[in-house]
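# Survey of secondary and tertiary structure
Listed below, chain by chain, are the residues.
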Amino acid sequence: MVIKEEYLDTLSAKDPILKQLISSYPIPTFRKSDNFLHDLIKYIIFQQISTKAGNTIYNRFLEFHSFNKPNSEFKWEEQDWKTIGLSHQKKSYIENLFDKNNLEMINSLSCINDSKEIRNLLISLKGIGPWTIDMFLIFSKHDLNIFPKGDLAVINVIKSLYGVDNMNDIELIAKKWHPYQSIATLYLWESLEDDFPN
């Protein structure tokens, strides 16, 4: 998916601070997702840890499990997930995604474009909360109007750039970016030079 110049012009006109970011960094790109199960596992791994640690654990997981056979039976031993670097909790979240009914629901998301419906479906999965769903909507479904208010990196960079210190002010700032909150968020991440694997 390509971000159009008109989207950036709209954001720049609404927010001079964001305009500076837009002029300072390359236009972000969205990759086409080829496996929603893969994506959800990635976002679970990245929950509440640094990008560097997330990348390390995620790459170990990819070495362990091939996604060339989507929905294949998933088995691992205790030493496997410990070697990967997963907590017992995240290990159980990932295993839960391979439940037959959960796999069917995840696969059905390719035919659903209503973000509210997707949110209602995903929240039923163990270990999938608002932040993980926001990542899925931004990076996997390419919803252009998601503000991940549970992302501490985004919140902290807004506090720094805009000189605010409470969520009410932060959400008011984010409202200005409608209907392109996701694009604004990508630029905020970019300003941190964080290598989130989108």
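Above: the structure in question.
A brief report on the enclosed structure follows. From a predicted model like this one, the values you see are computed outputs, not experimental measurements.

Attention shifts here to the nonpolar core. Counting residues in hydrophobic clusters, the biggest one holds 64 residues, and the most contacted among them are I94, L122, I158 and W177. Setting aside residues no more than four positions away along its own chain, I94 makes contact with I41, I44, I45, F61, F74, W76 and L86.

Attention now moves to the side chain of K90. Mapped onto the elements of the fold, K90 is located in helix 6 (residues 88-97). For the buried K90, no salt bridge exists, and the shortest N-O distance to an oppositely charged side chain is 12 Å, to D151. A polar side-chain atom of K90 sits 3.5 Å from the main-chain carbonyl oxygen of I44. Ignoring any residue separated from it by four or fewer positions in sequence, one finds K90 in contact with I44, I45, F46, Q47 and I49.

Right, let's talk about the pattern of salt bridges for a bit. The full count for this structure, using the stated rule, is six salt bridges. Residue E95 is joined to K91 by a salt bridge in which the shortest nitrogen-to-oxygen separation is 3.4 Å. Note that E95 and K91 are positioned in helix 6 at a spacing of four residues, about one turn of the helix. In this structure E95 comes out as partly exposed when scored by relative accessible area, which is 30%. On the basis of relative accessibility, which here comes to 15%, the residue K91 falls in the buried class. The closest approach of N and O atoms between R119 and D134, which form a salt bridge, is 2.9 Å. Of this pair, R119 sits in helix 8 (residues 115-122) while D134 sits in helix 9 (residues 130-140), placing them 15 residues apart in sequence. What makes R119 partly exposed here is its relative accessible area of 28%. What makes D134 buried here is its relative accessible area of 6%.

Basis of the calculations
Residues numbered from 1 in each chain as written. Predicted model: local features only at pLDDT ≥ 70, side-chain atom pairs only at ≥ 80, totals over all residues. Heavy atoms only, no water. Core = buried A, V, L, I, M, F, W, Y, C linked by side-chain atoms within 4.5 Å. Buried < 20%, exposed > 50% of the residue type's maximum accessible area, 1.4 Å probe, protein only. Contact = heavy atoms within 4.5 Å. Helix = DSSP H or I, 4+ residues; strand = E, 2+ residues; numbered from the N terminus. Lys, Arg positive; Asp, Glu negative; His and termini not counted. Salt bridge = Lys/Arg side-chain N within 4 Å of Asp/Glu carboxyl O. Polar contact = N/O pair within 3.5 Å; in protein donor to acceptor, adjacent residues only side chain to side chain.

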